[in-house]
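# Descriptive analysis of the structure
Each chain, written out:
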Amino acid sequence: MKKYIPLFLLILAVISSGRVYSQRGEKLESLRIAFITNKLSLTSAESEKFWPVYNVYKKEVAEIRRQANLDTNLEAMSDAEAEKAIQVSIDRMEKELVLFKNLARDLKPILPARKIALLSKVERNFNEELLRTQLRDGAARPGLRRN
């Protein structure tokens, strides 16, 4: 029985970390929604129509990025492998551009052009703010090593 205790504790830790990760993801998503809604000054009517369209777009972009993910050690690859990696990156960017064009088209009946044009900037601002917060919080933690 005692030999199963470490295994049980490991399983419990994995389950707990999954919950924490899920809660973190949900909190981050809530922050993203609030940030974009605020910065674009979305009305409740606009939000109701905007978010389903935008969420589909974000899922499609994430899927394209997941498929194009290069697990190769970029520094150690041959020139032929690098050429292939470059082409994969170009293909990914082209697919993302098509998705963004479709998003802009789909948002035209929902939002004024000014808000659609501002969307990319607001997304960047959110990501930059998130990074600044992570760096600030990480720097405040004792034992954080910097290179």
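In what follows, the structure referred to is the one given above.
Residues numbered from 1 in each chain as written. Predicted model: local features only at pLDDT ≥ 70, side-chain atom pairs only at ≥ 80, totals over all residues. Heavy atoms only, no water.

## Here we look at the overall build of the chain
Inclusion rule: Each helix is a run of H or I in the DSSP string that is no shorter than four residues. Each strand is a run of E no shorter than two, and both are numbered from the N terminus. Here's how the labels work: a residue is buried when its accessible area is under 20% of the maximum for its type, exposed when over 50%, partly exposed in between, all with a 1.4 Å probe on protein chains only. Contacts: residue pairs with any heavy atoms within 4.5 Å of one another. For every accessible area listed, the method is Shrake-Rupley and the probe measures 1.4 Å; residues are considered covered only by the protein chains on display.
Per the secondary structure count, the chain includes 4 helices and 0 strands. Of the regular secondary structure in the chain, the N- to C-terminal order runs α-α-α-α. Evaluated residue by residue, the chain yields a buried proportion of 20% over its 147 residues. A separation of at least 24 residues holds for 68% of the contacts in the chain among residues at least 6 apart in sequence. Carbon and sulfur atoms form 58% of the exposed surface of the chain, whose accessible area is close to 11,600 Å².

## Focus: the side chain of Ser-47
Its location among the elements puts Ser-47 in helix H2 (residues 44-68). In this structure Ser-47 touches Thr-37, Leu-42 and Pro-52, once residues within four positions along its chain are discounted.

## Brief notes about the pattern of salt bridges
For clarity, the cut-off: Any carboxyl oxygen of Asp or Glu that lies within 4 Å of a side-chain nitrogen of Lys or Arg is treated as forming a salt bridge with it.
As enumerated under the stated definition, the model contains 8 salt bridges in all. Two residues, Glu-46 and Lys-115, come together in a salt bridge whose shortest N-O distance is 2.7 Å. Of this pair, Glu-46 sits in helix H2 while Lys-115 sits in helix H4 (residues 113-140); the two residues are 69 residues apart in sequence, bridging distant segments of the chain. Its relative accessible area of 12% is what places Glu-46 among the buried residues. Residue classification places Lys-115 among the buried residues on the basis of a relative accessible area of 6%. A salt bridge links Arg-65 to Glu-96; the nearest nitrogen and oxygen atoms lie 2.9 Å apart.

## Observations concerning the environment of Lys-49
Within the secondary structure, Lys-49 is located in helix H2. With a relative accessible area of 52%, Lys-49 lands in the exposed category.

## Quick word on the nonpolar core
To keep things clear, this is the line we draw: In this text, buried Ala, Val, Leu, Ile, Met, Phe, Trp, Tyr and Cys residues form a nonpolar core when linked through side-chain atoms within 4.5 Å.
Counting residues in hydrophobic clusters, the biggest one holds 20 residues, and the most contacted among them are Ile-36, Leu-40, Phe-50, Tyr-54, Leu-107, Leu-111 and Leu-119. Counting residues per element, this core draws most heavily on H2, which supplies 6 residues. Each residue touching Tyr-54, except ones within four places of it in the same chain, is listed here: Arg-32, Ile-36, Leu-103, Leu-119 and Glu-123.

## Focus: unusual backbone geometry
With the exception of glycine, most residues fall at negative phi, and the peptide bonds are largely trans. For Ser-41, which is not glycine, the phi dihedral falls at a positive 50°. With respect to the helices, strands and loops of the structure, Ser-41 is situated in the loop between helix H1 (5-39) and H2. You can call Ser-41 partly exposed: its relative accessible area is 48%.

## With respect to the side chain of Glu-46
Under the convention used in this document: As used in this structure description, the phrase polar contact means that two N or O atoms lie within 3.5 Å; if the pair is within protein, one of them must be able to donate a hydrogen and the other to accept it, and residues adjacent in sequence are counted only when both atoms belong to side chains.
Of note is the side chain of Glu-46, whose polar atom sits 2.7 Å from the side chain of Lys-115. When neighbours within four sequence positions are excluded, Glu-46 is seen to be in contact with Ser-41, Ile-110, Leu-111, Pro-112 and Lys-115.

## Regarding the packing of aromatic side chains
The cut-off we apply is this: Ring pairs shown here join Phe, Tyr and Trp side chains whose ring centres sit within 6.5 Å, with only the six-membered ring taken for Trp; geometry is labelled stacked below 30 degrees between planes, edge-to-face above 60, and tilted in between.
Scanning the entire structure with this criterion turns up 6 aromatic pairs. Geometrically, the ring pair formed by Phe-50 and Trp-51 is edge-to-face, given 4.8 Å between the ring centres and 80° between the ring planes. Side by side, Phe-50 and Trp-51 carry an identical accessibility label, which is buried. Judged by centre distance (5.4 Å) and plane angle (90°), the rings of Trp-51 and Tyr-54 are edge-to-face. Of this pair, Trp-51 and Tyr-54 both sit in helix H2, 3 residues apart, roughly one helical turn. A single burial state applies to Trp-51 and to Tyr-54, both of which are buried.

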